[in-house]
Amino acid sequence: MTVIEAVAARQILDSRGNPTVEVDVRLADGSLGRAAVPSGASTGAAEAVELRDGDPERFHGKGVANAVANATGPLAAAVRGLDAEDQAAVDAALISCDGTADKRRLGANAILGISLATARAAAVARGVPLYRSLDPDAAVLPLPMINIVNGGAHADNPLDFQEFMIAPVGARTFFEAVRMGSEVFHTLRRALATAGHNTNVGDEGGFAPQFTTADEALTFVTDAIAASGYEAGRDIAICLDPAASEFFKGGAYDYTGEGLSRSVGEHIDYLSGLLRRYPIISIEDPMAQDDLDGWRALTEREGANTQLVGDDVFCTDAARLQAGIDGGCANAILVKVNQVGTLTETLSTVDTARRAGYRVVMSHRSGETEDTTIADLAVATGCGQIKTGSVSRSDRTAKYNRLIRIEEELGPRARFAGR
Ligand code: 2PG
Ligand code: MG
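## Describing the coordination of the magnesium ion (ligand 2)
Thought 1: Listed as protein donors to the magnesium ion (ligand 2) are Asp241 (OD), Glu284 (OE) and Asp311 (OD); their distances from the metal cover 2.0 to 2.2 Å.
Thought 2: Spacing between the donor residues of the magnesium ion (ligand 2) along their common chain follows D-x42-E-x26-D. Taken together, the positions of Asp241 in strand β7 (residues 237-241) and Asp311 in the loop between β12 (307-310) and α9 (318-327) put the pair 70 residues apart, joining distant regions of the chain.

## Observations regarding the pattern of salt bridges
Thought 1: Under the definition given, this model contains 29 salt bridges.
Thought 2: With a closest N to O distance of 2.9 Å, Asp102 and Arg104 form a salt bridge.
Thought 3: Glu302 is the partner of Arg301 in a salt bridge, and the nearest nitrogen-oxygen pair spans 4.0 Å.
Thought 4: Arg301 sits in the partly exposed class, given a relative accessible area of 44%.
Thought 5: Each member of the salt-bridge network shares a partner with another, and the members are Arg10, Glu22, Asp24 and Arg34.

## Description of the packing of helix α1 (residues 65-79) against helix α3 (residues 108-126)
Thought 1: In contact at an axis separation of 9 Å, α1 and α3 are set at 55° when each is read in the N-to-C sense. Put simply, α1 runs oblique to α3. Between α1 and α3 lies a crossing of right-handed hand. For the pair formed by α1 and α3, the contact residues are Ala67, Asn70, Ala71, Leu75, Ala76 and Val79 on the first element and Asn109, Ala110, Ile111 and Ile114 on the second.
Thought 2: Along the lines of polarity and charge, the residues of the contact of α1 with α3 split into eight nonpolar, two polar and no charged.

## Quick look at helix α12 (residues 373-381)
Thought 1: Counting buried positions along α12 gives nine out of nine residues, so the element sits mostly inside the fold.
Thought 2: Where α12 terminates, the next one or two residues include Gly382, which has phi positive at roughly 60°.

## Thoughts on the nonpolar core
Thought 1: One finds Phe161 and Leu274 to be the most contacted residues of the largest nonpolar core, which totals 124 residues.
Thought 2: A per-element tally of this core places α3 first, with ten residues.
Thought 3: In this view, Leu274 contacts Phe161, Ala214, Asp215, Leu218, Leu240 and Ile280; residues no more than four positions away in its chain are not counted.

## Examining helix α13 (residues 394-410)
Thought 1: Here α13 is 17 residues long and its end C-alpha atoms lie 24 Å apart, about the 24 Å a rise of 1.5 Å per residue gives.
Thought 2: As for α13, its buried residues are in contact with α4 (130-134), β4 (140-141), β5 (143-150), α5 (174-194), α12 and β15 (385-387).
Thought 3: At the C-terminal side of α13, Gly411 shows a positive phi close to 55°.

## Notes on the packing of aromatic side chains
Thought 1: Considering all chains together, one arrives at eleven aromatic pairs under this definition.
Thought 2: Linked through ring pairs, Phe161, Phe164, Phe247, Phe248, Tyr253, Tyr255 and Tyr270 together constitute an aromatic cluster.
Thought 3: Directly above the aromatic system of Tyr255 lies the positively charged group of Arg262, at a separation of 4.3 Å from the ring centroid.
Thought 4: A cation over a ring is seen here: Arg262 above Tyr270, with NZ or CZ 3.9 Å from the ring centre.

## Examining the sheet that holds strand β10 (residues 260-262)
Thought 1: One open sheet holds the three strands; their spatial order is β8-β9-β10, and the pairing between them is antiparallel. Two strands lie at the open edges of the sheet, namely β8 (248-249) and β10, each paired on one side alone.
Thought 2: The pairing of β8 with strand β9 (residues 252-255) spans two bridges and is antiparallel. Bridge assignment links Lys249 to a residue of β9, and that residue is Ala252.
Thought 3: Contacts from helix α7 (residues 264-277) reach β8, β9 and β10, with the element oriented near 95° to β10.

## Focus on the side chain of Glu163
Thought 1: By the element assignment, Glu163 lies in strand β6 (residues 163-167).
Thought 2: Among all residues touching Glu163, those that are not within four sequence positions of it are Asn147, Val149, His154, Glu204, Cys239, Leu240, Asp241 and Lys387.

Criteria and thresholds
Residues numbered from 1 in each chain as written. Chains lettered and ligands numbered in written order. Predicted model: local features only at pLDDT ≥ 70, side-chain atom pairs only at ≥ 80, totals over all residues. Heavy atoms only, no water. Donors = N, O, S within 2.8 Å, 3.2 Å for Na, K, Ca; no water. Helix = DSSP H or I, 4+ residues; strand = E, 2+ residues; numbered from the N terminus. Salt bridge = Lys/Arg side-chain N within 4 Å of Asp/Glu carboxyl O. Buried < 20%, exposed > 50% of the residue type's maximum accessible area, 1.4 Å probe, protein only. Axes fitted to C-alpha atoms, helices over the stretch in contact; angles between N-to-C directions. Parallel < 35°, antiparallel > 145°, perpendicular 65-115°, else oblique. Left-handed = near helix turned anticlockwise from the far one by under 90°. Contact = heavy atoms within 4.5 Å. Nonpolar A, V, L, I, M, F, W, Y, C, P; charged D, E, K, R; others polar. Core = buried A, V, L, I, M, F, W, Y, C linked by side-chain atoms within 4.5 Å. Expected span 1.5 Å × (residues − 1). Phe/Tyr/Trp six-rings, centres within 6.5 Å; stacked < 30°, edge-to-face > 60°. Lys NZ or Arg CZ within 6 Å of the ring centre and 35° of its normal. Pairing = 2+ DSSP bridges.

This is the structure we're talking about:
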């Protein structure tokens, strides 16, 4: 009864107004699963390939009509008749139908849409929520890393670092973490306005004032934490995603906002300085994806006390992660379903991280939709951390709101990961 009977797909819009793939998977018993695919802006070089039409007459070349046709054509034919409860078999069929290492032939966006919609359909057939369908014992709500200042590729300001986030480590529940985050967000808004900054938000819903240095952003953020009645470091800690691959040029880190370049060693010293001066507990992509020596050096120097999260450098790929583990790079991984393209591969990467003692952060993309699958995945894997943007913009708050509902549904069984 849980056999896949039909696959439908369409182009819908993401949070930046670009088209993306949405897939419906219908099972023989009538169960329907639907999933929409996210899209990045600061993408890693080794990500699975998002298929775009490239037709300048349609969506400025960003159409995904070919990916949609692949989903309803060859990929649908490959999974029709398979059991949706056997996610590994469905994903294996999708991967072999495409036949390329990076899913470029039929598109990782087409493949991921079917993979996630299948998981959702199986959950509907079982009559349980997605997180429980993936793990009947799942009960851990993740600590959110809430993005409150945007820079880099996610905003038009001169700020070199992409994301400044707050993690309410002192909260007792997920809901309390969201409340604390929302309070700081609004306190920060007022402080920015008072200082004459604009309060427009960037792609992930955080503010995007005309800051030029990380210090400026960090000063405003730590002040906003205190002004909201919290102790920075104890109640609310800070997390960064410099997205350093974006400004690594010719072997050095090119800080255009500050108008200077830092060598690998100077960049590491600078990051260490920030760690000393602010209550930062986690830095994602502190080093560029092709600066593995830098990654190793920073991990040796700061890895014992600071979470160092690999995003671009690992691209949610188990083999790349294993190479990083063997090489002493990072101590945590950012997990993005569309970087690798199927649910099974995503879960296998999470396993690889776990076995090595690397921490896992479930993550959105800067281009998102109302789809909340990653909220369920954070609970299903019990990974303990989620990065899903600011506490503004519905594409971001949809995930927080989903987690609030999951926490309520779990009732006394719910455990908040906290610090
Ligand atoms: C990142 C992500 C999400 P993008 O760098 O971690 O915040 O951005 O989706 O643009 O790659
Ligand atoms: Mg990143």
